[in-house]
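# Structure assessment
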Amino acid sequence: MLEVLVSLLLTLFMVGVLAGVAARHRQAGEILTRRAEIMEARRIARDLVANGLAGGGAAGPGLQAELELRTFVGVGTPCGDGAWWWRGRRLPDPERDSAWAVSQGGRVWVLPILSVSSGPCSQDSPGRGVRLDLGGSTPRPVLLRLFEHGRYRVTDAVRYARTGSGFQPLTGAVLDPSTSSLSHTGATVHLRIRGRGDSSTVERSWSVR
């Protein structure tokens, strides 16, 4: 009877030790996962702003708590019969994009896209033919550059909103919303990011051309 009792106590002790080890490993894993998500949020925010501004995509100062950007989508060149030879990261979308139409003399108009359909182009270079119905009345453009207009915000996560829609998270909600922010004031864009539970803040600023 004594031996059974001792064995039972030893078994309970080992179970307690293993449970404690498992709990510490789980906590360490959660910390590592959160740190990785914070680093990913920093990288995404930095790259989105840097790439958007490098392409001349700042749409102008809006609310101080967010940044409006025109993200480059692709470019079209005329290929006859009102069609365009399109090269870009995706096809044009009338609900998301607007076009910078460039005339023969270098004048630029910003035009809405009313509809998109297949075009009759046939070329050897990578791309595809599309037909674009553009709003507004302009001389025949010789080049189209399409941009997606949207807004970025940094609170508990890096968030993005297309024109006419609400903000959606691009990262996990791992940031401190009382400290993390993205602002566009004057000719400067300023990014501040602090992970939830961190004691230090990462900051970076860009000059808007």
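Analysis parameters
Residues numbered from 1 in each chain as written. Predicted model: local features only at pLDDT ≥ 70, side-chain atom pairs only at ≥ 80, totals over all residues. Heavy atoms only, no water. Helix = DSSP H or I, 4+ residues; strand = E, 2+ residues; numbered from the N terminus. Buried < 20%, exposed > 50% of the residue type's maximum accessible area, 1.4 Å probe, protein only. Core = buried A, V, L, I, M, F, W, Y, C linked by side-chain atoms within 4.5 Å. Phe/Tyr/Trp six-rings, centres within 6.5 Å; stacked < 30°, edge-to-face > 60°. Pairing = 2+ DSSP bridges. Axes fitted to C-alpha atoms, helices over the stretch in contact; angles between N-to-C directions.

## Describing the overall build of the chain
- Of regular secondary structure, the chain possesses 1 helix and 11 strands.
- Reading the secondary structure of the chain in the N-to-C direction produces α-β-β-β-β-β-β-β-β-β-β-β.
- Within the chain, the proportion of its 209 residues that are buried is 32%.

## Brief notes about the nonpolar core
- Ranked by internal contacts, the top residues of the largest apolar core, which has 18 residues, are Val49, Val154, Leu182, Val189 and Leu191.
- Element by element, the count of residues in this core is highest for helix α1 (residues 2–54), at 5 residues.

## A short note on the packing of aromatic side chains
- Here the structure, examined in full by the defined rule, presents 3 aromatic pairs.
- Taking 4.8 Å as the distance between ring centres and 45° as the angle between the ring planes, the aromatic pair formed by Tyr152 and Tyr160 counts as tilted. We note that Tyr152, like Tyr160, is buried.
- Among the aromatic residues, those joined into a cluster by ring pairs are Phe72, Trp100 and Phe147.

## Points about the sheet that holds strand β9 (residues 181–185)
- With antiparallel pairing, 3 strands are arranged side by side in an open sheet as β9-β10-β11. Each having just a single partner strand, β9 and β11 (202–207) make up the two edges of the open sheet. The average undirected angle you get between the axes of adjacent strands in this sheet is 10°.

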